[in-house]
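Results of the structural survey
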Amino acid sequence: FTPPKETGEGGAILAKDKLGNPIPASQILENPPETRALVAGLAGEPTYLIVTDANTLDGRGIVDNCTHLGCTFPWNETAEQFQCPCHGSRYDAEGSVVRGPANRPLKLVHVAVIDDAIWLSPWTETDPRTGERPWWV
Ligand code: FES
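Residues numbered from 1 in each chain as written. Predicted model: local features only at pLDDT ≥ 70, side-chain atom pairs only at ≥ 80, totals over all residues. Heavy atoms only, no water.

Let's shift gears to the side chain of Arg36. Locating Arg36 in the fold gives a position in strand β2 (residues 36-40). For Arg36, a relative accessible area of 8% corresponds to the buried category. Here Glu34 takes part through its backbone oxygen, which lies 3.0 Å from a polar atom of the side chain of Arg36. In this structure the side chain of Arg36 is engaged in a polar contact, spanning 3.0 Å, whose partner is the backbone oxygen of Ala93. Each residue touching Arg36, except ones within four places of it in the same chain, is listed here: Tyr48, Leu49, Ile50, Trp75, Phe82, Ala93 and Glu94. (Helix = DSSP H or I, 4+ residues; strand = E, 2+ residues; numbered from the N terminus. Buried < 20%, exposed > 50% of the residue type's maximum accessible area, 1.4 Å probe, protein only. Polar contact = N/O pair within 3.5 Å; in protein donor to acceptor, adjacent residues only side chain to side chain. Contact = heavy atoms within 4.5 Å.)

Written as structure tokens, this is what we have:
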């Protein structure tokens, strides 16, 4: 018996559920477009995966860790925002700050689906939302 490989190139890891089991992409894609689904990501960081209008997973995952003081936060589907319950920071659907006190966008990770497995890997390139070097690198 060979356990399935759980780490890939470039520090990639498989997205897992809260029990630590890898989550197949097809399971997340049962949700409607624009869903933000929470998985355990890199270093166990809770990470939102985004279901696109084309019923695929977006190549960007958003780390559920407020850039103010690190609280985790829910996705508010009605307001289409991530809303931090700790001090009221709000982020848009892409993780850019809409309202402080947070002043940095949410961290991104790469998301890739290979044979229904979801691979997450560190985002080290330019942050497409700011056009700048990511603050977390
Ligand atoms: Fe989120 Fe302070 S930790 S607003």
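Next comes the rest of the description.
This part is about the sheet that holds strand β9 (residues 108-114). Taking strand neighbours across the sheet as the criterion, the six strands line up as β1-β10-β9-β4-β3-β2 in an open arrangement whose pairing is antiparallel. Lying at the two open borders of the sheet, with one neighbouring strand each, are β1 (13-14) and β2. Relative to strand β4 (residues 60-63), strand β3 (residues 46-50) is paired through two bridges, and the arrangement is antiparallel. Bridge assignment links Tyr48 to a residue of β4, and that residue is Ile62. (Pairing = 2+ DSSP bridges.)

The subject of this paragraph is the state of the cysteines. Applying the stated criterion across every chain yields a total of one disulfide. Across the disulfide from Cys71 sits Cys86; the S-S distance is 1.9 Å. Measuring handedness by torsion sign, the sulfur bridge of Cys71 and Cys86 sits at about -100 degrees and is left-handed. Of this pair, Cys71 sits in the loop between β4 and β5 (75-76) while Cys86 sits in the loop between β6 (81-83) and β7 (90-91), placing them 15 residues apart in sequence. (Disulfide = S-S within 2.5 Å.)

Counting residues in each nonpolar core, the largest one holds 16 residues, and the members touching the most others are Ile28, Val39, Leu49, Leu57, Val111, Ile118 and Leu120. Sorting the residues of this core by element identifies α1 (25-28), β2, β9 and β10 (117-122) as the ones contributing at least two each. By size, the runner-up hydrophobic cluster in this structure holds 15 residues, among which are Cys66, Phe82, Leu106 and Leu108. (Core = buried A, V, L, I, M, F, W, Y, C linked by side-chain atoms within 4.5 Å.)

Moving on to the side chain of Thr47. Positionally, Thr47 belongs in strand β3. Since its relative accessible area comes to 1%, Thr47 is described here as buried. In this structure the side chain of Thr47 is engaged in a polar contact, spanning 2.9 Å, whose partner is the backbone oxygen of Glu45.

Both faces of the sheet carry side chains from a regular strand, because those side chains alternate between them. Burial analysis of β3 places four of its five residues in the buried class, which makes it a mostly covered element. In this structure, the hairpin formed by β2 and β3 is closed by a connection of five residues, where Ala43 is found at a positive phi of approximately 55 degrees.

On to the sheet that holds strand β8 (residues 97-99), then. If you trace the four strands from one edge of the open sheet to the other, you get β5-β6-β7-β8, paired in antiparallel fashion. Both edges of this open sheet fall to β5 and β8, since each of them pairs with a single strand only. Where β5 lies against β6, two bridges are found, and the strand directions are antiparallel. Note on β6: the bridge partner recorded for Trp75 is Phe82.

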